[in-house]
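# Secondary and tertiary structure notes
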Amino acid sequence: MSRRAVLSAAGAAALAGFLAACGSNTGRGGGGGQALEQWYHAYGEPGVQQAVERYAAAYDKASVKVQWNPGDYDSKLAAGLLAGGVPDVFESTLEISAVRSGQIVPLDDVIGAAKDDFTATILAGHTIDGQVYGIPQAVDMQMLFYRKSMFAEAGVSPPSTVDELIDVAKKLTKGDVKGIFAGNDGGVAVLGGPALWSVGLDYVTTEHEVGFDEPSAAVAIGKLRELYTSGAMLQGAVKDWAEPDAFTQGLVAMQWTGLWTVPAVQKALGDDFGVLPWPKLDGNGRDSVPVGAFGAMVNAKSKDVDAAKAFVKWLWIDRTDYQEDFNLSYGFHIPPRQSLAAKADKLTKGAAADAVKYVRDLAKSSNPPDWIPSMGTAFNDAVSRAVREGADAGTELKAAAQKARDELKRLYG
């Protein structure tokens, strides 16, 4: 999933001194006029770096240097934004502290009439107080993969509730095959949000209040504990949840993983798999898929903010051909613009088509802008203690809720 730039990261000032040495294999566009610098984190898919350098080279209104950043992109970006005018344009997820400190500029005039073409949940993750600060580039999402043949052999149907999922996972556990894999931590890192959404709760409400300080949150996390202790969950896999190996090697009948694994799963299993959202627990809840998206942002300290915004508009609004290429030619992502997702051949059938539908109808943000890292750490630690150690979920979540409440008060007063 997408990552955050922690803009107040400790040691940022020390990093600023050697930022010039942090990039790798940079390319510069051939345009004249203002020189701009654009930063990307190091994507793992072959060809992405060459593609973004090609896009920059095609821009004729400014000379655009692309810096490719292997390693700790978040810390490098935090240092750059604190230090001065580079990068002019960069990719990140949106955090409210960047807006409050004036490190990035609004992009409402950049997105313009195209705003309605972006998937609403995705754009909301780049919006604060009604203003857009990032133009979404590519959507990543997580979902539940299941083996059709194993389900048929066991005589079970795809689960539509959390209780059904736990029951199905037990029935599918046989010999060396476990029912489900959601990470070597028991799903703590990836299932906390879906658990909240399954009972109609969330991290933070639209009124900037804590969204999970309710008894039903403890019930939902308790179901993760029930699954963890059921004997139906694979633990200690060689590769973690973000890789599909446990699923493709037949070690589990279900795995929680990401859209990006669809090509590898198809190669290994053909059409012997399907995908599902995380199911609801009760009548107040809903099925859900967590989504996230890097967005193109403009540094408020850029030497030429207008030139930087013009480049972002050209690349991420006007050049729909480059947007489609970026999303579908190298990895496997969903374009954040509905018009592009609807016509992409790769996304019109099978698991990919289901994923597009889930993003449209069931998407929930895995990292909303006001869910800052300290809140996420407190919440995940609480979930870990409840799920893995058997601590009282209600007590743990109340402590995490108080931490989140203190942070929200600091942010919003």
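All values reported here derive from a predicted model rather than from experimental measurement.

Criteria and thresholds
- Residues numbered from 1 in each chain as written.
- Predicted model: local features only at pLDDT ≥ 70, side-chain atom pairs only at ≥ 80, totals over all residues.
- Heavy atoms only, no water.
- Helix = DSSP H or I, 4+ residues; strand = E, 2+ residues; numbered from the N terminus.
- Rg over C-alpha atoms; globule rule 2.2 N^0.38 Å.
- Contact = heavy atoms within 4.5 Å.
- Areas by Shrake-Rupley, 256 points an atom, 1.4 Å probe, with all protein chains shown as cover.
- Lys, Arg positive; Asp, Glu negative; His and termini not counted.
- Charge placed at Lys NZ, Arg CZ, Asp CG, Glu CD.
- Buried < 20%, exposed > 50% of the residue type's maximum accessible area, 1.4 Å probe, protein only.
- Pairing = 2+ DSSP bridges.
- 1 Å grid on protein atoms, 1.4 Å probe; cavity = no way out; pocket = protein on both sides within 12 Å on 5 of 7 lines; lining within 4 Å.
- Points joined across faces, edges and corners; volume = space filled by probe spheres on them.
- Nonpolar A, V, L, I, M, F, W, Y, C, P; charged D, E, K, R; others polar.
- pLDDT = per-residue confidence, 0-100.
- Salt bridge = Lys/Arg side-chain N within 4 Å of Asp/Glu carboxyl O.
- Phe/Tyr/Trp six-rings, centres within 6.5 Å; stacked < 30°, edge-to-face > 60°.
- Lys NZ or Arg CZ within 6 Å of the ring centre and 35° of its normal.
- Core = buried A, V, L, I, M, F, W, Y, C linked by side-chain atoms within 4.5 Å.

## A short note on the overall build of the protein
Looking only at helices and strands, the protein features 18 helices and 12 strands. The C-alpha atoms of the protein give 22 Å as radius of gyration, which agrees with the globular expectation for 413 residues (22 Å, within 12%). In terms of overall dimensions, the protein has C-alpha extents of about 65 × 50 × 40 Å along its principal axes. Pairs at least 24 residues apart make up 77% of the contacts formed inside the protein by residues separated by at least 6 positions. Carbon and sulfur atoms provide 49% of the accessible area of the protein, an area that totals close to 16,200 Å². The average position of the 40 basic charges and that of the 50 acidic charges among the side chains of the protein differ by 1 Å.

## Quick look at the pairing of strand 7 (residues 135-146)
Among the 12 residues in strand 7, 12 count as buried, and that is most of the element. Pairing between strand 7 and strand 11 (residues 289-298): 6 bridges, direction antiparallel. Of the residues in strand 11, the one forming a bridge with Ala138 is Phe294. Summarising the sheet, strand 7 and strand 9 (residues 252-258) pair through 5 bridges and their orientation is antiparallel. Bridge pairing in strand 9 links Gln142 to Gly258. Of the pairings in the sheet, the one linking strand 7 to strand 10 (residues 274-276) comprises 3 bridges and is antiparallel in character. Opposite Leu144, over in strand 10, you have Leu276 as the bridge partner.

## Focus: empty space enclosed by the protein
A full pass over the atoms with the stated rule returns 5 cavities of 30 Å³ or more. Volume-wise, the largest cavity comes out at about 80 Å³. As for the largest cavity, its lining consists of Thr93, Thr121, Ile122, Gly125, His126, Val291, Gly292, Ala293, Ser365 and Asn367. At the level of elements, helix 6 (120-124) and strand 11 are the ones that each hand at least two residues to the lining of the largest cavity. No other element matches strand 11, which puts 3 residues into the lining of the largest cavity. By residue class, the composition of the lining of the largest cavity is 3 nonpolar, 7 polar and no charged.

## What about the confidence of the model for the protein?
Caution applies to low-pLDDT regions: their predicted coordinates should not be interpreted in detail. In the predicted model, the protein carries a mean pLDDT of 92, and 92% of its residues have values of at least 70. Segment residues 1-23 is flagged for pLDDT under 50; beyond a separation of four residues in sequence, or across chains, it makes 64 contacts in the model.

## With respect to helix 14 (residues 320-328)
Those residues of helix 14 lying buried are Tyr322, Gln323, Asp325, Phe326, Asn327 and Leu328. On its buried face, helix 14 is in contact with helix 2 (48-58), strand 7, helix 13 (305-318) and helix 15 (338-343).

## Considerations on the pattern of salt bridges
Using the criterion set out here, one finds 19 salt bridges in the structure. Residues Asp129 and Arg100 are paired through a salt bridge, measuring 3.6 Å at the closest nitrogen-oxygen approach. Of this pair, Asp129 sits in the loop between strand 5 (127-128) and strand 6 (131-132) while Arg100 sits in helix 4 (residues 96-100), placing them 29 residues apart in sequence. Linking Arg405 and Asp213 is a salt bridge whose minimum nitrogen-to-oxygen distance equals 2.8 Å.

## A look at the packing of aromatic side chains
One pass over the full model with this rule turns up 20 aromatic pairs. Taken together, a centroid distance of 5.1 Å and an interplanar angle of 65° make the contact between Phe212 and Phe379 edge-to-face. Within this pair, whereas Phe212 is found in the loop between helix 9 (188-197) and helix 10 (215-228), its partner Phe379 is found in helix 17 (residues 373-388), the two being separated by 167 residues in sequence. The pair Phe212 / Phe379 is uniform in exposure class, with both members buried. Taken together, the ring pairs in this structure connect Tyr40, Tyr43, Trp68, Trp316 and Phe326 into an aromatic cluster. Sitting above the plane of the Tyr322 ring, Arg319 keeps its charged end 4.0 Å from the centroid.

## A few points about the nonpolar core
Met141, Met143, Phe212, Ile221, Met254 and Ile334 are the most contacted members of the largest nonpolar core, which totals 103 residues. Discounting chain neighbours no more than four positions away, the residues touching Met143 are Gln255, Trp256, Thr257, Leu259, Val262, Val275, Leu276, Val289, Ala355 and Tyr358. Core analysis: the next-biggest nonpolar cluster, separate from the first, contains 37 residues, Leu36, Tyr40, Val52 and Ala56 among them.

## What to know about unusual backbone geometry
Pro87 follows Val86 through a cis peptide bond whose omega is 0°. With phi around 50°, Asp129 is a residue other than glycine that occupies positive phi space. Within the chain, His208 stands out as a residue other than glycine whose phi angle is a positive 65°. Its relative accessible area of 29% is what places His208 among the partly exposed residues.

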